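The residues making up each chain are set out below.
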Amino acid sequence: VQLQASGGGLVQAGGSLRLSCAASGGTLRYFSVGWFRQAPGKEREFVAAITWTGDSTTYAESVKGRFTISRGNDKKTAYLQMNSLKPEDTAVYYCAADNVGDITDTGRERAYRYWGQGTQVTVSS
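Values in this document were obtained by computation on a predicted structure and should not be read as measured data.

## A few points about the packing of aromatic side chains
Overall, the coordinates contain six aromatic pairs when judged by the stated rule. Judged by centre distance (5.7 Å) and plane angle (70°), the rings of Phe36 and Phe46 are edge-to-face. Of this pair, Phe36 sits in strand E4 (residues 32-38) while Phe46 sits in strand E5 (residues 45-50), placing them 10 residues apart in sequence. For the residue pair Phe36 and Phe46, the accessibility class agrees, reading buried in each case. Ring centres of Phe36 and Trp115 lie 5.1 Å apart, and the angle between their planes is 50°; on these two criteria the pair is classed as tilted. On the criterion of sequence distance, the pair formed by Phe36 in strand E4 and Trp115 in strand E10 (residues 114-115) is long-range, its members being 79 residues apart. By relative accessible area, which is 1% here, Phe36 ends up buried. Assessed through its relative accessible area of 26%, Trp115 is described here as partly exposed.

In structure tokens, the structure reads:
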């Protein structure tokens, strides 16, 4: 399965963006989906994840209450709704997918075989 992340852009602090992760060559039906981000000069970090059933989600502390991860009904898309954006949210955002067995594993990069190419999010102050 190939993943395509989109929806990034330039937004002022306090604004919102919705990122999309679209699958092709397969579906996300039985895959958990995670979002990660990498800021300039920093390592890639976990942002949010959702299990394949959609019943469980997990978030990095830095985005809790501001970001929401969800799955599309088409079983081929996942989303990351980002509200109250801050300059420190500026990064390249990546989506990833795999049949991760447990929600506690969804925060680990190594749990995912499939990755999108990344979409740039820039938040100005």
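Picking up where we left off.
## What about the sheet that holds strand E7 (residues 67-71)?
Strands sit in the order E1-E3-E8-E7 across an open sheet of four strands; the sheet is antiparallel. Each having just a single partner strand, strand E1 (2-6) and E7 make up the two edges of the open sheet. The mean inter-strand angle of the sheet, taken between neighbouring strand axes irrespective of direction, is 15°. With five bridges joining them, E7 and strand E8 (residues 77-82) adopt antiparallel strand pairing.

## With respect to the state of the cysteines
For the structure shown, the criterion picks out one disulfide. One disulfide in the model links Cys21 with Cys95; its S-S distance is 2.2 Å. Looking down the S-S bond of the Cys21 and Cys95 bridge, the torsion is 70°, so its handedness is right-handed. Remark: Cys95 occurs in strand E9 (residues 91-98) and Cys21 occurs in strand E3 (residues 17-24); sequence separation between them is 74 residues.

## Let's talk about the pairing of E8
Most of E8 is tucked away, with five of its six residues classed as buried. Two elements, E3 and E8, share six bridges in a ladder whose sense is antiparallel. Pairing of Ser20 across the sheet is with Tyr79, part of E8. Counting the residues in the hairpin turn of E7 and E8 gives five residues, including Lys75, whose phi is positive at 65°.

Thresholds, definitions, all that
Residues numbered from 1 in each chain as written. Predicted model: local features only at pLDDT ≥ 70, side-chain atom pairs only at ≥ 80, totals over all residues. Heavy atoms only, no water. Phe/Tyr/Trp six-rings, centres within 6.5 Å; stacked < 30°, edge-to-face > 60°. Helix = DSSP H or I, 4+ residues; strand = E, 2+ residues; numbered from the N terminus. Buried < 20%, exposed > 50% of the residue type's maximum accessible area, 1.4 Å probe, protein only. Pairing = 2+ DSSP bridges. Axes fitted to C-alpha atoms, helices over the stretch in contact; angles between N-to-C directions. Disulfide = S-S within 2.5 Å.

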